[in-house]
Every structure is written in structure tokens, then in C-alpha cells.
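Observations on the three-dimensional arrangement
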Amino acid sequence: MLQVSQSFVPEGEVHGQCTGLLFRNVQCAYSEYTGCVHILREYLFLIPVVVLFLTEAAKLGVEWWRTGGWQHRIFHPGGMPSSHSAFVTSLLIIVWRRIGSTSPEFAISFVFACVVWYDAMSARRALGEQARVLNQLQKWQHFTEQLGHSFAEVLVGVLFGAGITLLGIWVS
């Protein structure tokens, strides 16, 4: 007989004895799940890193859906959704959740997010347009043309980052 330890049973559930291999596997899986949740709860700032990688995976999926294949590497500039926008949105939500919206840290992260969003839609996009013109004028060096994002790509990045972050907070 296997005695269920309190560390593996959620609060409020009945403690008792169970037998069999199936229960041991469930107990082990629950232990691993609570370990991940504990890490996310302790280190809430890992969620933006997870958001960054999931956004890059989504960007590859969107590219494959649009073109029928992967032509870019991971962490390339431009594309749908904006991973920079998703990352700073996630960071903004985490700072708000951890410290509050009246803190100086939240104000700094909000300004940082606004700068990143603006940069993605204007400065880097303008550089991409200039690179396109330079590539047409000269042939000896090819410049990357897809540097910035459209408003839709930034908006989808913001929504994707917010959704994954809120899911991560809910799980933790």
C-alpha cells in the first residue's frame, strides 16, 4: 500500500491510501506539475522568456502557413506576431502583477514598452523601407528589408504576449 503524502495532494482533498502503478505515475506527474508551478510562482519573471520563445514558434508557424515553408531562422526581425511587443507586454503585466500599477517600476516598464512598440512600427520599419530602396539602387551589397512591423503585427504581438502571460499567471 502506498501512503499519499500531503505534499502531493492539493489542499482540501481527502488523504488516504491507494495502490497500484497507475497512482504512482499520477503522483509523479502531479509532483512535476507542482514543481513547475512553484518555479513560475517564485520566478514570475520567467514568464516573459517563455512568451518570447512561444512567440518565435508562432512566428515560424505563421510563416509556414503563409509561404508553405520556413525560410528564416528563429529570432529574425519582422514578421507576425512581433516577439519584441509580446515580450515587453508580458514584462509590463508581470511588473504590474508583482509590484502594482502605482510603482515607479511599473511606470518605467510602461515607458519601455511604449518605446519598443513605437520603434517596431516606425523606426525599424523605416529602416526596412530604406534598405529596400538601397537594394534597388545598388547590387553589390544586399540589406535586410524586413526589419520592422506593421501595426497589425505589433497588435497581435501585444495580444499574444498578454494572453500567454495571463495564462502563465493563472497556472502559477
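Residues numbered from 1 in each chain as written. Predicted model: local features only at pLDDT ≥ 70, side-chain atom pairs only at ≥ 80, totals over all residues. Heavy atoms only, no water.

**Some words on the overall build of the chain**
Using the following cut-off: Strands here are runs of E lasting at least two residues and helices are runs of H or I lasting at least four, both read from the DSSP assignment and numbered beginning at the N terminus. Each residue is assigned to one of three classes by its accessible area relative to the maximum for its type, calculated with a 1.4 Å probe on protein chains only: buried under 20%, partly exposed between the two thresholds, exposed over 50%. The contact rule is simple, with two residues in contact once any of their heavy atoms fall within 4.5 Å. With residues, only the protein chains shown are counted as cover, and all accessible areas are computed by Shrake-Rupley using a 1.4 Å probe.
Each helix and strand counted, the chain has five helices and two strands in total. Ordered by position in the sequence, the α and β elements of the chain form the string β-β-α-α-α-α-α. The buried share of the chain, taken over its 172 residues, is 33%. For the chain, contacts bridging at least 24 residues in sequence account for 59% of all contacts bridging at least 6. When the accessible surface of the chain is totalled, it reaches about 11200 Å², and 67% of it is carbon and sulfur.

**Comments concerning the nonpolar core**
Rules: Remark: nonpolar core denotes a set of buried residues (Ala, Val, Leu, Ile, Met, Phe, Trp, Tyr, Cys) joined through side-chain atoms within 4.5 Å.
Listed in full, the 10 residues of the largest apolar core are Val88, Leu92, Val95, Phe106, Ala113, Val116, Trp117, Ala120, Val154 and Val158. Of the residues forming this core, the biggest block, five residues, is contributed by helix 4 (residues 104–137). Those residues in contact with Phe106 that lie beyond four places of it in its chain are Leu92, Val95, Trp96, Gly100 and Ser101. Leu44, Ala86, Ile93 and Ala162 belong to the second-largest nonpolar core, a separate cluster that totals eight residues.

**Re the environment of Phe151**
Topologically, Phe151 is positioned in helix 5 (residues 151–171). When the C-alpha positions of Phe151 and Trp117 are compared, they lie 9.1 Å apart, and in sequence the two are 34 residues distant. Setting aside chain neighbours within four positions, we find Phe151 in contact with Met121 and Arg125.

**Topic: the pattern of salt bridges**
Stated precisely, the cut-off is as follows: In the sections that follow, a salt bridge refers to a side-chain nitrogen of Lys or Arg positioned within 4 Å of a carboxyl oxygen of Asp or Glu.
In this structure the tally under the stated criterion is one salt bridge. Put simply, Glu56 and Lys59 hold a salt bridge, and the shortest N to O gap is 3.4 Å. Within this pair, Glu56 and its partner Lys59 are both found in helix 2 (residues 46–67), separated by three residues, close to a single helical turn. Exposure class is identical for Glu56 and Lys59. Each is buried.

**Topic: the confidence of the model for the chain**
So the rule is basically this: Within a predicted model, pLDDT stands for the predictor's per-residue confidence, ranging from 0 to 100.
Per-chain confidence: the chain averages 76 in pLDDT, with 71% of residues scoring 70 or above. In this model, residues 1–30 is a region of pLDDT below 50 whose contacts with residues beyond four sequence positions or in other chains number 25 contacts.

**So, the packing of helix 4 against helix 5**
Convention followed: For helices, the axis comes from a line fit to the C-alpha atoms of the stretch in contact; other axes are also lines fit to C-alpha atoms, and the angle between any two N-to-C directions lies between 0 and 180 degrees. These descriptions rest on fixed angle ranges, namely under 35 degrees for roughly parallel, over 145 for roughly antiparallel, 65 to 115 for roughly perpendicular, and the rest for oblique. Helix crossings fall into two classes, left-handed where the near helix is turned counterclockwise from the far one by less than a right angle and right-handed where it is turned clockwise.
Packing of helix 4 against helix 5 leaves a shortest axis separation of 10 Å and a crossing angle of 155 degrees. When the interaxial angle is binned, helix 4 and helix 5 end up roughly antiparallel. Crossing hand, helix 4 versus helix 5: right-handed. Only Phe151, Val154 and Val158 of helix 5 make contact with helix 4, whose side of the interface consists of Trp117, Ala120, Met121 and Arg125.

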